[in-house]
Amino acid sequence: MKRKRNLIIIGFIILGISSLLMWKWNTWFKNPTEERYTISCEPSRIMISLCGNDENSRLVSWCSDSSNIQPLVEYFKIDKKDTLSIQAKPISVKTQGGVTTSYHAKLTNLEPESTYKYRVCNKFKSDWFEFKTAKKDKKFSFVYMGDIQDRIGGKTGEVFSRINKFTQNTDFWLFGGDLLERPLNKYWDYWFECGKNIFNTKPMIACPGNHEYHKGLIKKIDKRWMSHFQFPKNGPENFKGRACYWNYKDAIFICLDTDGIQGIGSLLEQKNWIDNVLEKSNKKWKIVVMHHPIYSISNCTISPFLRTFIKPVLEKHKVDLVLQGHNHGYSRVCKKDNNEINTPVYVISTCSRKNYLINIDQNAERTGSNLKLFQVIDIDKSKLTYKSYESNGELYDRFEITKTESKTLVDNKIPSTPEKLEAPERYKKKKKTKLKAYYKEVEKRRAHNRIIKKLISEKK
C-alpha cells in the first residue's frame, strides 16, 4: 500500500514537472534562429568606452569584415592638430548567422579637460568624431538607463536623441542590461543604429542582462557582447569582461553579471569578488550596477539569493547607490536605520517600450508603472544628486546623498507630483483578475502616500 502511494506521488511530481516544462519551454529554452548575415567592409558600430583605471583614456571600437590588414585609429587634440595613429586589434567571433569582427584600440596619455577628434580606418575611413576627456576637478555626471529591449523599428533612437540633447554635459552613459530584445545580429544592428550619433562621442559602459544571453539549461552570453565590449578584465575568473569595475575620479563603478549566476558556485564567485573589490577601494563614492534587483517588483527568482548573499556585502561596505533593471517598472528603496533613510539606495528603472504590472513595494520611497525613464546622477565632492526623468524630460523622482566626516545622509526631495501607477494598456484588455488585485495595491499605496504627506506637513 505504501509503495503504491509513493508511486502515485512520484507520478504526480513527474506530471507537474512535465506540465511546467511544456508551459515554460519557450521562455526557458527556445532560442530564435538567426538569419544569415555578413558584416560590411565599411566601419560600423563605432563606439567609445571608458577604460578601467584612467578617466582620461578611451577605448575605440568598431565592426567591419575580417579582411583588413592594418586597421587604425587616427586621432588628434583639436588645438594641436598633429595626428597620431594606433593600430587596432581584431576579435572575430562566429555565431549561428555568420562571423562578426570587432576592432579595438586604446587611446592613452590623453590630456585632461581636452577635446579630441578621431576616425577609424581600414580600406575605408569613417567620418571624424569628437569626444572630451574628464575635467580636472572631482565633479562629474552620468546618465543611467535600465532595460531598453526594443523591437526593430521602435522609438529608441528618438528617445536616445532627446536624452542626449537634455544631458549634453554628462561624462558617460551607463546601462543596466537588456540592451537588446534578443542576442541576434539584427538586434545588434538596431542597437547601434539607435545610438550611432551618441556612442561614437559619449563613452558607454554596461552590465549584461538576460536578453544578452542565449537560453538553455546552461545559459551562454552572446559572443558579440564579449567582442563589442572590451570592458576591463579585472573581474572574477569566470566572468572577465562581464563583471568588472571602473574607477572614475572619486568614484568606483562595479558591474555584476547576475544572469551569469547559474548556481551557488557562480554566485559565491561574484560575491567574494565584489567583497574584495569594495574592501580594497578607497573611493569616496561606491556605485554598483546589476541587472536583476535586490528588492524585486515582479516575479524574479534570483532576487532572494541576491538579498541573502550580495546585499549584506553592499551594506557592509556602505555602498551608496545600487542601479538595477529587469522589472520594467520603477522603484526606489532605501536602507532604514531607526526609521531614518540611509544608504544603499536601491533603484530599479526602465526605458523600454515593454511594461508589465508591477508588485508595488509599499515600503518604497517612490515607485512607478508604465513609464520610460532615464536618470542623471551628479557627483560634486561630498554630494550626490540623483534625478529621474521621464523620456519627455519631466522630473519624476529626486534625492540627495551627502557625506560628512561622521555619517552619510539621504535627503528625500521627491517632486510633489503623484506617483504614476497606471496599468499598461494590454492588461486592461486581458487578465482582469490581476488588474483588480493590482488596483487594490495602488489604492493602498495612495492611502499610504497621503498619510506620509500629512505627517510631513504637520512636521513643518
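Structure's up top.
Below you will find a few notes about this structure. (Residues numbered from 1 in each chain as written. Predicted model: local features only at pLDDT ≥ 70, side-chain atom pairs only at ≥ 80, totals over all residues. Heavy atoms only, no water.)

What follows deals with a positive patch on the surface. Positive charge collects at one region of the surface, where Arg426, Lys429, Lys430, Lys431 and Lys434 lie side by side. Among the structural elements, lysine 429 can be located in helix 7 (residues 425-429). (Patch = residues over 30% accessible without salt bridge, like charges linked within 9 Å, V, L, I, M, F, W, Y side chains within 5 Å. Areas by Shrake-Rupley, 256 points an atom, 1.4 Å probe, with all protein chains shown as cover. Salt bridge = Lys/Arg side-chain N within 4 Å of Asp/Glu carboxyl O. Lys, Arg positive; Asp, Glu negative; His and termini not counted. Charge placed at Lys NZ, Arg CZ, Asp CG, Glu CD. Helix = DSSP H or I, 4+ residues; strand = E, 2+ residues; numbered from the N terminus.)

Below, the discussion takes up the packing of aromatic side chains. By the definition in use, this model includes 36 aromatic pairs. An angle of 75 degrees between the planes, with centres 5.6 Å apart, marks the rings of phenylalanine 160 and tryptophan 173 as edge-to-face. Of this pair, phenylalanine 160 sits in helix 2 (residues 156-166) while tryptophan 173 sits in strand 10 (residues 172-175), placing them 13 residues apart in sequence. The class for tryptophan 173 is buried, based on a relative accessible area of 1%. Among the aromatic side chains, those forming a connected cluster through ring pairs are Phe160, Trp173, Phe175, Trp188, Trp191, Phe192, Phe199, Trp225, Phe229, Phe231 and Trp246. The lysine or arginine in question, arginine 366, covers the ring of tyrosine 396, its NZ or CZ lying 4.4 Å from the ring centre. The ring of tryptophan 285 carries the charged tip of lysine 403 above its face, separated from the ring centre by 4.8 Å. (Phe/Tyr/Trp six-rings, centres within 6.5 Å; stacked < 30°, edge-to-face > 60°. Buried < 20%, exposed > 50% of the residue type's maximum accessible area, 1.4 Å probe, protein only. Lys NZ or Arg CZ within 6 Å of the ring centre and 35° of its normal.)

Let's shift gears to the packing of helix 5 (residues 264-280) against helix 6 (residues 303-316). At a minimum axis separation of 9 Å, helix 5 and helix 6 run at an interaxial angle of 10 degrees. Classified by the angle between their axes, helix 5 and helix 6 sit roughly parallel to one another. Packed against helix 5, whose contacting residues are Ile264, Leu267, Leu268, Lys271, Ile274, Asp275, Leu278 and Glu279, the element helix 6 presents Phe305, Phe309, Ile310, Val313, Leu314 and Lys316 at the interface. The residue inventory of the contact of helix 5 with helix 6, partitioned by class, reads ten nonpolar, no polar and four charged. (Axes fitted to C-alpha atoms, helices over the stretch in contact; angles between N-to-C directions. Parallel < 35°, antiparallel > 145°, perpendicular 65-115°, else oblique. Contact = heavy atoms within 4.5 Å. Nonpolar A, V, L, I, M, F, W, Y, C, P; charged D, E, K, R; others polar.)

All right, on to the pairing of strand 6 (residues 99-107) then. Counting buried positions along strand 6 yields seven of nine residues, so the element is predominantly enclosed. Bridge analysis of strand 2 (residues 58-64) against strand 6 gives seven bridges, and the strand direction is antiparallel. Residue pairing in the sheet places serine 61 in a bridge with histidine 104 of strand 6. Between strand 5 (residues 89-94) and strand 6, which pair antiparallel one after the other, the connecting turn spans four residues. (Pairing = 2+ DSSP bridges.)

Within the largest apolar cluster, 66 residues are counted, with the highest numbers of intra-cluster contacts made by Phe142, Met145, Phe160, Phe175, Trp191 and Phe199. Counting residues per element, this core draws most heavily on helix 3 (residues 185-194), at six residues. Non-local contacts of phenylalanine 199, meaning those with residues more than four positions away in its chain, are made with Ile46, Met47, Ile48, Phe160, Trp173, Phe175, Trp191, Phe192 and Met204. If you look at the next biggest cluster of nonpolar residues, it comprises 26 residues, including Ala243, Tyr245, Ile261 and Tyr346. (Core = buried A, V, L, I, M, F, W, Y, C linked by side-chain atoms within 4.5 Å.)

Taken in spatial order, the seven strands line up as 14-15-16-17-19-18-20 in an open sheet, and their pairing is mixed. Each end of this open sheet is capped by a strand with a single partner; those strands are strand 14 (244-248) and strand 20 (366-368). Taking the axes of each pair of neighbouring strands and ignoring which way they run, one obtains an average angle of 20 degrees across the sheet. Here helix 5 sits on the sheet and contacts strand 14, strand 15 (251-255) and strand 16 (285-289); the angle it forms with strand 15, its principal contact strand, is near 175 degrees. Here helix 6 sits on the sheet in contact with strand 16, strand 17 (321-324), strand 18 (330-337) and strand 19 (340-348), set at roughly 130 degrees to strand 19.

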